[in-house]
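# Coordinates in review
Given next are the chains, with one letter for each unit.
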Amino acid sequence: MPHHQSPRQTVRSALPAAILYKTTITVADRCFFRYNATMIIPFFIPHSGCPHQCVFCNQKHITGCTSPVDPSVVPQTIKEYLASNASDKPAQAAFFGGSFTALPCEMQRAYLAAVRPFITTGQLESIRLSTRPDCITNEVLALLREYHVTTIELGVQSMDDVVLKRSGRGHTASDTVNAVSLLKTYDFLIGLQLMPGLPGDSADGFMKTVGAVIGLRPDFVRIYPALVIKNTPLEELYRSGRYMPLSLDKAVALCREALERFERAGIDVIRIGLQPTEELERPGTVIAGPYHPAFRQMVESSILLDAMRSALRARKGKKDTVTFQIHPKDLSTAIGRRRSNIELLKKEFGVRKIRIVTGESVMRRDPFLFSTDQE
Ligand code: SF4
């Protein structure tokens, strides 16, 4: 990467020509990032640098990784990933699972220096990492820029100080505001992670967090509903009756509202719900809470269900059979788990048969009432 390029310019260079001519990146362009743009080479540094024990967090159980990667093994891992990368997607090294910028400076340099040769040769495009809002300073950002870090994700979780305190976060909402502002002055791509369902939070409170985060204009967000993971302070709170997690339905509804608000604001939501891992799926790891391996699909399925409801409400006459046309990638999401959307719609609207066909020209999550017939 040429040194004079900013991270935003660099990531744009991975886009197709049609997108390069645009002056702003749209929601659709950001979806290009999500689905196509980069091959991520992940390095887990569980709890490294963390100055606090957040009540909900046990990275060992969330990521299945017990100890931080040693910088000496980073180059070999990158080589192996690159050898297996059959596509021409640009590759990015990512440090997740801890508070990277709270690590001692020499340790940060050791990790970054292990990646640098691959960036110099053009085999890797950039580096991304996650950290805490109260561990962002001018000095640390200057270091990260020097080593080609382009994307920084902050564990924001909530913009309510009471919720943050009860969750053991050890920072305030104003730390997030200050961190985002500083990250923007250095032109990093900014991702913010949110967590509905924390102790002391409510549906209204979480929507205020969503509004505050939209006001910060990040490049993307991730939403992870709070879960009770074993061997965490939250497990103790839950077992003693002092904490009750969100139900799955409530979490889906909250995340859906948040997703729609972020998308209307032009902010991409790149993940909803934890990535299923072998460790997470092991019985007893998730003690309670709205965990589902296809959580995002449930959220999108609920959006599609309402879109099909609206179309059916607007249809003329009462017909036996209706056909929707949807984007091919929405097929299973529109049908719902165990055909739940189809069965619900048939019951609610007295329709005997609902067909779903696909069409490439249909927009994502925008089902089109194709035809209604009397059979
Ligand atoms: S949530 Fe982040 S800051 Fe808190 S303990 Fe886990 S990795 Fe550390």
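Numbers given to residues run from 1 along each chain, matching the order in which its sequence is written. Where local features are concerned, this predicted model is filtered to residues with pLDDT of at least 70; where side-chain atom pairs are given and counted, the filter is 80 or more; whole-chain, interface and lining totals use all residues.

## Let's talk about the packing of helix 10 (residues 203-216) against helix 12 (residues 248-264)
Direction vectors running N to C along helix 10 and helix 12 enclose 20 degrees, while the axes themselves pass 10 Å from each other. Judged by the inter-axis angle, helix 10 sits roughly parallel to helix 12. At the point where helix 10 passes helix 12, the crossing takes the right-handed sense. Of the residues in helix 12, those in contact with Ala203, Phe206, Met207, Val210 and Ile214 of helix 10 are Leu254, Glu257, Ala258, Arg261 and Phe262. Classification convention: Asp, Glu, Lys, Arg as charged; Ala, Val, Leu, Ile, Met, Phe, Trp, Tyr, Cys, Pro as nonpolar; all other residues, Gly among them, as polar. Grouping the constituent residues of the contact of helix 10 with helix 12 by class yields eight nonpolar, no polar and two charged. Each axis is a line fitted through C-alpha atoms, and for a helix only the stretch in contact is used; angles between axes span 0 to 180 degrees, taken between their N-to-C directions. Each helix corresponds to a stretch of at least 4 residues labelled H or I by DSSP, and each strand to a stretch of at least 2 residues labelled E; elements are numbered beginning at the N terminus. In these notes the angle categories are as follows: under 35 degrees is roughly parallel, over 145 is roughly antiparallel, 65 to 115 is roughly perpendicular, and the rest is oblique. A clockwise turn of the near helix away from the far one marks a right-handed crossing, whereas an anticlockwise turn of less than a right angle marks a left-handed crossing. Two residues form a contact once the distance between their C-beta atoms, set from the backbone, is within 7 Å.

## Overview of the pairing of strand 10 (residues 321-326)
Exposure classes come from backbone-placed C-beta atoms, where a residue is buried if 20 or more other C-beta atoms lie within 10 Å of its own, exposed if 12 or fewer do, and partly exposed in between. Residues Val322, Phe324 and Ile326 of strand 10 are buried on one face, while the alternating residues Thr321, Thr323 and Gln325, pointing to the opposite face, are not. DSSP bridges decide pairing: two strands pair if at least two such bridges lie between them. The pairing of strand 10 with strand 11 (residues 353-358) spans six bridges and is parallel. Across the sheet, valine 322 pairs through a bridge with isoleucine 354, a residue of strand 11.

## Observations regarding the nonpolar core
Note on terminology: a nonpolar core is any set of buried Ala, Val, Leu, Ile, Met, Phe, Trp, Tyr and Cys residues joined through C-beta atoms within 7 Å. With 74 residues, the main nonpolar core has Phe56, Val115, Leu192, Val213, Val221, Ile223 and Cys255 as its most contacted residues. Counting residues per element, this core draws most heavily on helix 12, which supplies seven residues. In this structure, Leu304, Val322, Ile326 and Leu345 belong to the second largest nonpolar core, which totals 11 residues.

## A closer look at the packing of helix 14 (residues 295-314) against helix 16 (residues 340-349)
Axis separation between helix 14 and helix 16 bottoms out at 11 Å; the angle between their running directions is 30 degrees. Classified by the angle between their axes, helix 14 and helix 16 sit roughly parallel to one another. Regarding helix 14 and helix 16, the two cross each other, and that crossing is right-handed. Residues Ser301, Leu304, Leu305, Met308, Arg309 and Leu312 of helix 14 form the contact with helix 16, whose participating residues are Asn341, Leu344, Leu345 and Phe349. Split into classes, the residues belonging to the contact of helix 14 with helix 16 amount to seven nonpolar, two polar and one charged.

## Looking at the environment of aspartate 161
For aspartate 161, the location among the structural elements is in helix 8 (residues 161-166). Residue aspartate 161 is classed as partly exposed on the basis of its 15 C-beta neighbours within 10 Å. Sequence separation between aspartate 161 and threonine 172 is 11 residues; the distance between their C-alpha atoms is 5.4 Å. Each residue touching aspartate 161, except ones within four places of it in the same chain, is listed here: Thr172 and Ala173.

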